[in-house]
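# Chain and residue survey
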Amino acid sequence: MFPLAAASYFAAAVAFLVLAFLALVPWRKRPGSLWVAGASTLSVAWAVHFGLLALQTDITPMAGGAFEVLRNAGWFALLLALLAGRTDSAGQSFGPLRTIALITAAVLVVALVLLVLPEMAALGPWPAIAVLAMVVLGLVLVEQVYRNTPPQRRWEIKFLALGLGAIFAFDLFLFADLALFQAVESPVWQARGLVNAIVVPLIAIALARRPVRDEAPTVSRQLLFHGAALTGAGVYLLAVGAAGYYLHNLGGELGAVLTVAFLFGAVVLLVVIFTSGSARARLRVFLSKHFFRDSFDYRQEWLRFTGTLSAEDGDMPLRQCAIQAIGELVESPGGLLWVRERDGGYRLDGVLNLGEPDYAPETDESPLVEFLARTGWVIDLDEFRRNPEAYRSLELPRWLRDNPRHWLVVPLLKGDLLQGFVVLARPRAPRKIDWEERDLLKTAGRQLAVYVALVQTDEALLEARQFEAFHRLSAYLVHDLKNISAQLSLVCSNAERHADNPEFVRDAFRTVASARERLERTLLQLRQPHSATVATPRTVDLGQLAREVVDAVGDLKPEPSLEVEGSLMVRADEEILRNVFMHLVRNAQEATPDNGRITLQLHAEGPWAKVLVEDDGRGMDQDFLKHRLFRPFQTTKGNAGMGIGLYEARDRIVAMGGRIDVESESGVGTRFTLRLPLQRTAEGS
């Protein structure tokens, strides 16, 4: 009599075979059809295995071995693929997917070891517990898929969730009984195949409900890549386990030694393969060719490209980041970056993983540059070496043509201007460049051209700022020299009339000494330009400083009056602050007639030390105040002034944390108001 268990499992094999056929032929364009076909094929193998065993002997639930693990792995892969396609309201992928995938892989590996190795049979209920863990994991995955599916789309997977949930629920009852009591009722075990066959129509309905789409399977490439790698590793470990088992059966000391050495070598080889960039690249190329219509996940590639370009990595210069960004698109490990110079030529500006070449610059009239600028083509050097006529008799430089490591030349076009080009190194895995790779590289090249142009613009701007700082320093120094010259000229003009006056002689020596100090400071700034912008702050008594300034400008009319309220201490560079005060008072004297009035008032106002320099001179009109005041080379003194003093004064006061304001009216007078952060208690300088 034909065994009931065999008939039950063969019925399941036929049902899953029909489901695999439907998924591959009439429903092949439906999302997830390949995953259903793969899981159904593994289920066919599982059912046939149990059916054949049932024809020979009275089988047990633990006789499935590796087939039990592979069948569950197939359905787990389908459920993980469904989870990978789920996004939240913000468009983010399902967050715990990586964690769930790692847990799934760990459970499958442990179950495979416990079920395949014969030594594990002596562990009592642990093999059954391992299968039970797979069943519980399957129920968790079913629940996660259904819960994370939008309510309006749950009708598509409702019967899939019911079918797989029913399979795992039945197995939970079966293996829980086996794990607890080390026995199982024969009718339950014999009906397992029929139970699986019954749920096949439910899975078929779910697959038929999913709307047909034109694109490839709705699963992320990362999940497919890691899934394929995990499957390959599982098959590899299964083969290693079988080989180790047969080596162990040789018996004796030699068999044990060979088993240990073989298993160690197999694990080392697996680690080498997993860490090999070439192996990963070959797997990606294989999956792209056989599972996806497009060679690239453009969203993922563009995010990675942009992320590499914008990465702040101190160990990799910007030029090398640019080469890496475009090289990653085609698995190229390095390359050369050539950029356009101001003279129109192109020089090597960046190298990544191609040694330290010393290639001569390419002129803008070289055949390579003219060809790239005119056509915008991506040059496949292997194709060029085989058939130069395909590139319209292009003549390549010898350094590019004769080096076998050079693979592709990608133009960097910014509009119609060739900003540069990238020579990519040969990829980790052999690949043929088709139209899709060429279009992606040309598009990335245009983006990279903008990036290179921005980097060059930033460098030019930095250089211009350095020149600007030098020019500003030069203007300040010239202004200081003009003031020193004016002081010395005044001494010389009065020398003939007052040479016999001891008071004049003393003032003249003080003026000369002051001029000498200022000249030494100017020479120091010329020798050390950075000292012009680096102040030496100390505690300064504004009242004392103002008195010294009033004494120093007493040689001109009108003499300013000074009013100081209280003790005013600030942190500032004393010499710079003296020059600012001196300049404001001198300007007031030059703008005011000899019988006019100039006042210098100092007092505290909240957290500020307030300094007012007021005169009743000719003043300034509103147009000058609004549009020309505090701008360099703008003056009301005609040829007698440079228009630098006020610009420098405000620059210095702002650098000290203060501010300067002005009120003026033509024919009435001018008031300058300085505010500096007040230091209420004196500190040591």
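Okay, so let's go over this structure. All values reported here derive from a predicted model rather than from experimental measurement. (Residues numbered from 1 in each chain as written. Predicted model: local features only at pLDDT ≥ 70, side-chain atom pairs only at ≥ 80, totals over all residues. Heavy atoms only, no water.)

### Describing helix H1 (residues 4-24)
Since the α-helix advances by 3.6 residues per turn, residues separated by three or four positions end up pointing in the same direction. The line we're drawing: A helix here means a DSSP run of H or I that spans at least four residues, while a strand means a run of E at least two residues long, and both kinds are numbered starting from the N terminus. For a helix, the expected span equals 1.5 Å multiplied by the number of residues minus one. Exposure categories follow from relative accessible area, calculated using a 1.4 Å probe and restricted to protein chains: below 20% of the type maximum is buried, above 50% is exposed, and the middle band is partly exposed.
Here H1 spans 31 Å end to end across 21 residues, near enough to the 30 Å set by a 1.5 Å rise per residue. Those residues of H1 that fall on the buried side of the exposure criterion are Ala5, Ala6, Ser8, Tyr9, Ala12, Ala13, Ala15, Phe16, Leu19, Ala20 and Ala23.

### A closer look at the pattern of salt bridges
Worth spelling out the cut-off: Criterion for a salt bridge: a side-chain nitrogen of Lys or Arg within 4 Å of a carboxyl oxygen of Asp or Glu.
Considering all chains together, one arrives at 24 salt bridges under this definition. For Arg385, the salt bridge identified is with Asp382, shortest N-O distance 3.1 Å. Taken together, the positions of Arg385 and Asp382, both in helix H15 (residues 381-386) and three residues apart, correspond to about one turn of that helix. With a relative accessible area of 32%, Arg385 lands in the partly exposed category. A salt bridge links Arg675 to Asp661, with the nearest nitrogen and oxygen atoms 3.0 Å apart. Placement of Arg675 in strand E12 (residues 669-677) and of Asp661 in strand E11 (residues 659-665) is noted, with a sequence separation of 14 residues between them. Counted as one network, the salt bridges with shared partners bring together Arg538, Glu548, Glu574, Glu575 and Arg578.

### Some words on the side chain of Thr592
Stated formally: By the criterion applied in these results, polar contacts are pairs of N or O atoms within 3.5 Å in which, for protein atoms, one can donate a hydrogen and the other can accept it, and in which residues neighboring in sequence qualify only through two side-chain atoms. Note on definitions: a residue-residue contact is assigned when non-hydrogen atoms from the two residues lie within 4.5 Å.
With respect to the element layout, Thr592 can be found in the loop between helix H20 (574-591) and strand E9 (598-605). We classify Thr592 as buried; its relative accessible area is 5%. At a separation of 2.6 Å, a polar atom in the side chain of Thr592 contacts the main-chain carbonyl oxygen of Ala588. For Thr592, the contacting residues outside a window of four places in its chain are Pro558, Arg597, Ile598, Asp615, Asp616 and Gly617.

### Concerning the sheet that holds strand E3 (residues 379-380)
Our working definition: If DSSP finds at least two bridges between two strands, the strands pair. To define axes, lines are fitted to C-alpha atoms, for helices over the stretch in contact only, and angles between the resulting N-to-C directions are given on a 0 to 180 degree scale.
Spatially, E2-E1-E5-E4-E3 is the arrangement adopted by the five strands of the open sheet, whose pairing is antiparallel. Strands with a single pairing partner mark the edges of an open sheet, and in this sheet they are strand E2 (346-352) and E3. Note: strand E1 (residues 335-340) against E2, six bridges, orientation antiparallel. The residue of E2 that forms the bridge with Leu336 is Val351. Across the face of the sheet, helix H13 (residues 318-327) comes into contact with E1, E2, strand E4 (406-414) and strand E5 (417-425) while running at roughly 75° to E2. Sheet strands in contact with helix H14 (residues 367-375) are E2, E3, E4 and E5, and its direction is about 110° off that of E5.

### A few points about the packing of helix H19 (residues 542-552) against H20
For clarity, the threshold we go by: Roughly parallel means an angle under 35 degrees; roughly antiparallel, over 145; roughly perpendicular, 65 to 115; everything else is oblique. The crossing is said to be left-handed when, going from far helix to near helix, the turn is anticlockwise and less than a right angle, and right-handed when the turn is clockwise. Each residue gets one of three labels, nonpolar for Ala, Val, Leu, Ile, Met, Phe, Trp, Tyr, Cys and Pro, charged for Asp, Glu, Lys and Arg, and polar for the others, Gly among them.
At a minimum axis separation of 10 Å, H19 and H20 run at an interaxial angle of 50°. In terms of orientation, H19 lies oblique with respect to H20. Where H19 crosses over H20, the handedness of that crossing is right-handed. Contact with H19, carried on its side by Leu542, Leu545, Ala546, Glu548, Val549 and Ala552, involves Glu574, Leu577, Arg578, Phe581, Met582, Val585 and Arg586 of H20 and no other residues of that element. For the contact of H19 with H20, the class distribution of residues is nine nonpolar, no polar and four charged.

### Details of a nonpolar patch on the surface
Rule in force here: Each patch is built from residues lacking any salt bridge and having more than 30% relative accessible area; the joining distance is 9 Å for like charges and 5 Å for nonpolar side chains (Val, Leu, Ile, Met, Phe, Trp, Tyr). Surface accessibility in these figures is a Shrake-Rupley result with a 1.4 Å probe; residues are shielded only by whichever protein chains are displayed.
Residues Phe21, Leu24, Val25 and Leu34 make up a contiguous nonpolar surface patch of roughly 350 Å² in combined accessible area. Examined against the element boundaries, Phe21 turns out to sit in helix H1.

### Let's talk about the sheet that holds strand E10 (residues 608-615)
On the basis of which strands lie adjacent, the open sheet formed by five strands has the order E7-E9-E10-E12-E11 and mixed pairing. Of all the strands in the sheet, just strand E7 (561-564) and E11 have a single pairing partner and so form its edges. When strand polarity is set aside, the average angle formed by the axes of neighbouring strands in this sheet is 15°. Alignment of E9 against E10, held across eight bridges, turns out to be antiparallel.

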